[in-house]
Amino acid sequence: MLSDVTELAKWVVENGGFCSADIEFREDQCGGTTAFAVSDISAGKQKILQCPLDLIIDYRKSAEDLFGSLVACPFKEKPEIAVRLFLCSQKLQGQNAKWYNYIKSLPESFDTPLYYGDDEFQLLRGTNIYSDASHRKTAWEEEWKDSLNMLGPRFDKPRFTWELYLWACTVLTSRSFPSKLIDKNPLSKECPILVPLIDTLNHYPRTSVEWHVDEHGFSLLEGPLTSGSEVMNNYGPKGNEELLMGYGFCIKNNEFDSVALRIRDLRQGRGEYAIYYLHKHDPLPEQLIKMFERQVMNAMEINSNDVTLRCRLDSLEKLTNAISLKKTQIGNYRSIDFNGVKDDSRRCRRVQHAVEYVNSQISILTAAICRSSYLMCVALSKVTTSEQPDSGNIKELRSSMYRLLRSRAFSLRETLESHTAFRELIKKGFGTCDSDILKEYGFDDQALIFFISYLRLNVDSLDKRHHDWICEMKDKYDNEDQLDNEYIEDFETIREDLDEELFPPDRWSARILAWASKIVDCEGLVIASPDSESTPEYWVIMSNI
């Protein structure tokens with residue numbers, strides 16, 4: 001309330017703080033209370049607010065109040081727990097608390113996800129916050145239960161409720177500053193601190209402010225300011241995920257927004273997970289692409305350390321699939337009925353911020369998918385460019401990529417449609433030349449092996465492009481390093497089951513089938529059709545980068 005913040009300012013000043021005569025506190029558009037300039041401040045940065053060091057709530061004050069000394073405090077490894085319990089204790093003491101004026105000015109409730117109702121929380125389904133908020137709640141509840149056992153007999157433990165502890169935790173996430181601002185000891189463990197009065201200011205990115213600490217206190221310097229403008233703070237370059245989770249709000253068109261993507265790197269030791277951030281200004285970081293390239297490299301590519309066209313396409317396609325899965329997991333808020341939201345300002349505000357967060361996440365993921373599809377087009381067309389495609393044209397980019405793919409690769413479907421003689425051979429040998437049926441019965445890989453073998457057996461009649469590719473593949477895979485006797489023997493059974501009239505043994509040997517199988521395994525990848533109703537197809541690449 002306005003009166004509480006006014007009393008807070010008076011209390012801070014009476015205890016050695018400072019509040020500029022050029023500002024006043026009044027309600028903002030969200031119903032909170034913050035500072036506004038009442039006159040122009042044009043002479044560069046000036047001291048706007050100052051909180052004396054004695055009023056700053058930190059680990060030392062918390063530990064000494066709760067346990068008598070720093071040495072006796074059991075929370076040296078997690079000092080923030082002591083600060084949270086101290087806040088609870090101060091609130092329970094009411095007017096007898098030293099920080100009563102500060103505690104009284106704090107919100108009773110917040111707009112962070114842990115304060116959401118069930119229907120509001122469902123807006124976040126599929127997002128990182130949806131799972132992170134649940135994990136945070138579990139961790140804080142366990143922390144609360146364990147910490148109560150550490151309090152001495154002078155505390156009325158039943159009054160230290162979960163709701164009170166949640167309140168204290170959220171005060172810290174939404175209002176704290178880093179302790180390194182007042183504690184210059186490099187050996188000290190980082191712990192959030194609370195700076196009364198200065199923490200009433202709202203955040204706006206790129207606001208030019210200075211935090212200054214000396215023997216007089218913690219000061220905020222800002223300017224120039226025009227009369228009537230809000231005095232803002234700058235919490236740093238924070239995306240909407242961090243803002244919503246910790247502070248309970250989002251910024252529309254936040255330039256610092258990002259999506260955290262948790263990926264397991266199977267090529268690194270035990271396959272541990274790593275976090276990659278897809279930023280609004282860089283939706284597909286190069287290091288993420290490189291990680292996927294490592295994931296999909298086959299043995300030959302690893303040995304040669306060569307990012308082939310196959311490797312590049314396979315990595316980008318799998319990356320696209322991972323990002324697309326993340327995107328589809330995010331819930332559709334339009335499917336939730338929010339009757340009466342407009343009549344409840346707090347509920348309306350939560351919905352607006354949740355929707356803003358979700359929409360921004362979807363926008364970044366869409367841009368990442370577009371970027372990946374665009375890079376596939378670049379790889380297939382042998383064009384080098386950093387141009388960022390329009391994030392709204394996924395289908396168009398995928399269609400362009402697919403057209404380029406057909407010029408540099410073949411699939412079973414494409415093969416059966418364009419090679420009449422081979423299609424007839426497959427129809428006689430398998431009883432069908434329908435690629436979908438062959439795939440359904442697990443004969444699609446075998447049919448591709450037969451097609452590559454067919455090309456080799458008819459190499460002299462091929463066009464130059466296919467002729468040169470078969471010769472390249474023959475040199476690459478028809479050798480002792482790639483085809484040992486044990487590998488070839490695996491294809492003897494397949495050879496024996498073939499109709500000898502259609503597939504004469506003197507031509508369709510087990511060695512040729514084994515060689516073709518190597519090509520299918522080492523030169524192929526799965527790529528989804530731009531037609532969402534079609535199943536992904538296996539493609540064999542016919543040329544490298």
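Just above sits the structure.
Numbering of residues begins from 1 in every chain and follows the order in which that chain's sequence is written. Note on the predicted model: pLDDT of at least 70 is required for a residue's local features to be given, and 80 or more for side-chain atom pairs to be given and counted; whole-chain, interface and lining totals, by contrast, use all residues. To get the side-chain values, all heavy atoms of the structure are used, and hydrogens and water are removed first.

Chemist: Would you take a moment to explain the overall build of the protein for this structure?
Modeler: Labels follow the DSSP assignment, with helices taken as runs of H or I lasting at least four residues and strands as runs of E lasting at least two, numbered in each case from the N terminus. Broken down by element type, the protein carries 21 helices and 13 strands. Since a compact globule built from 545 residues should have a radius of gyration of about 24 Å, the 33 Å found for the protein marks it as more spread out than a globular shape. Considered along the principal axes of its C-alpha atoms, the protein spans approximately 100 × 50 × 50 Å. The buried label applies to any residue whose accessible area, calculated with a 1.4 Å probe on protein chains only, is under 20% of its type's maximum; exposed applies above 50%, and partly exposed to all values in between. Scored against the burial criterion, the 545 residues of the protein give a buried share of 50%. Taking the intrachain contacts of the protein between residues at least 6 apart in sequence as the baseline, contacts between residues at least 24 apart amount to 65%. Summing over all exposed atoms, the protein offers an accessible surface of approximately 26700 Å²; the carbon and sulfur share of this is 48%. Of the charged side chains in the protein, 65 are positive and 86 negative, and the gap between their average positions amounts to 3 Å. Put simply, the radius of gyration uses C-alpha atoms, and a globule should come to 2.2 Å times the residue count raised to 0.38. Note on contacts: a residue pair is in contact if any heavy atoms of the two residues lie within 4.5 Å. Residue-level accessible areas treat just the shown protein chains as cover; the underlying method is Shrake-Rupley with a 1.4 Å probe. This count recognises Lys and Arg as positive and Asp and Glu as negative, with His and chain-terminal groups excluded. Note on charges: their place is set at NZ of Lys, CZ of Arg, CG of Asp or CD of Glu.

Chemist: Any chance you could explain the environment of E356 here in plain terms?
Modeler: Relative to the helices and strands, E356 resides in helix α12 (residues 345-381). Residue classification places E356 among the buried residues on the basis of a relative accessible area of 18%. For the pair E356 and P504, spaced 148 residues apart in sequence, the C-alpha to C-alpha distance is 66 Å. Sequence-distant contacts of E356, that is, excluding residues within four places in its chain, are made with N240, C250, I251, K252 and N253.

Chemist: Sorry, what's going on with unusual backbone geometry here?
Modeler: The general pattern is negative phi for most residues beyond glycine and trans for most peptide bonds. Backbone torsion omega between G223 and P224 reads 0°, so that peptide bond is classified as cis. Here P224 lies in the loop between β8 (217-222) and α8 (240-246). Even without being a glycine, L197 presents a positive backbone phi close to 80°.

Chemist: Looking at this structure, how should I read the sheet that holds strand β1 (residues 18-19)?
Modeler: Adjacent strands of a sheet form backbone hydrogen bonds with each other and so pair up, either parallel or antiparallel. In this analysis, strands are considered paired if DSSP registers two or more bridges between them. Spatial strand order, β1-β4-β8-β7: four strands in an open sheet with antiparallel pairing. In this open sheet, the two edge strands, each paired with only one partner strand, are β1 and β7 (209-214). Where strand β4 (residues 46-51) and β8 come together, five bridges link them in antiparallel fashion. Residue C51 lies in a different strand from β8, and its bridge partner there is F218.

Chemist: Just to check I follow, could you spell out a negative patch on the surface for this structure?
Modeler: Think of a patch as exposed residues, more than 30% relative accessible area, with no salt bridge, where like charges cluster within 9 Å and nonpolar side chains (Val, Leu, Ile, Met, Phe, Trp, Tyr) cluster within 5 Å. Only one rule defines a salt bridge in this text: a Lys or Arg side-chain nitrogen within 4 Å of an Asp or Glu carboxyl oxygen. A contiguous patch of negative charge, built from E480, D481, D484, E486, E489, D490, E492, E496 and D497, is present on the exposed surface. Those elements that provide at least two residues to the negative patch are α19 (485-489) and α20 (492-497). The element best represented in the negative patch is α20, accounting for three residues. By secondary structure assignment, the location of E480 is in the loop between α18 (464-477) and α19.

Chemist: How should the sheet that holds strand β11 (residues 409-411) be read in this particular structure?
Modeler: Within the open sheet, the three strands sit side by side as β11-β13-β12. Their pairing is antiparallel. Of all the strands in the sheet, just β11 and β12 (524-527) have a single pairing partner and so form its edges. Taking the axes of each pair of neighbouring strands and ignoring which way they run, one obtains an average angle of 35° across the sheet. Examined bridge by bridge, β11 and strand β13 (residues 537-541) share three bridges and lie antiparallel to one another. Between N-to-C directions, angles span 0 to 180 degrees; the directions come from axes that are lines fitted to C-alpha atoms, helices contributing only their stretch in contact.

Chemist: Is there a simple way to think about the packing of aromatic side chains in this case?
Modeler: Ring pairs (aromatic) are described by centroid distance and by the angle formed between their planes. Pairs were defined over the aromatic rings of Phe, Tyr and Trp, the Trp ring being its six-membered one, requiring ring centres within 6.5 Å. Orientation was assigned from the angle between planes: stacked under 30 degrees, edge-to-face over 60, tilted for the rest. According to the stated counting rule, one finds 22 aromatic pairs in the structure shown. Seen in terms of ring centroids, F430 and F443 are 5.4 Å apart; in terms of plane orientation they differ by 50°. Their pairing is tilted. With F430 in helix α15 (residues 420-430) and F443 in the loop between α16 (435-440) and α17 (444-457), this pair connects stretches of sequence that are 13 residues apart. Members of the aromatic cluster, each reached through a chain of ring pairs, are F410, F422, F451, Y454 and W469. Charge over a ring is defined by NZ of Lys or CZ of Arg lying within 6 Å of the ring centre and within 35 degrees of the ring normal. The ring of Y273 carries R262 above its face, with NZ or CZ at 3.9 Å from the centroid. Across from the ring centre of W515, 4.7 Å away, lies the NZ or CZ of R456, which sits over that ring.

Chemist: Quick question: what am I supposed to make of the pattern of salt bridges here?
Modeler: Side chains that differ in charge, positive against negative, can pair when their charged atoms come close. The final tally for this structure, using the stated rule, is 32 salt bridges. Across the salt bridge formed by K318 and D314, the nearest N and O atoms sit 2.7 Å from each other. Placement of both K318 and D314 in helix α11 (residues 309-329) is noted, with a separation of four residues, approximately one turn of the helix. The buried category is assigned to D314, whose relative accessible area is 5%. Each of D111, D119, E120, R346, R347, R349 and R350 takes part in one network of salt bridges that share partners.

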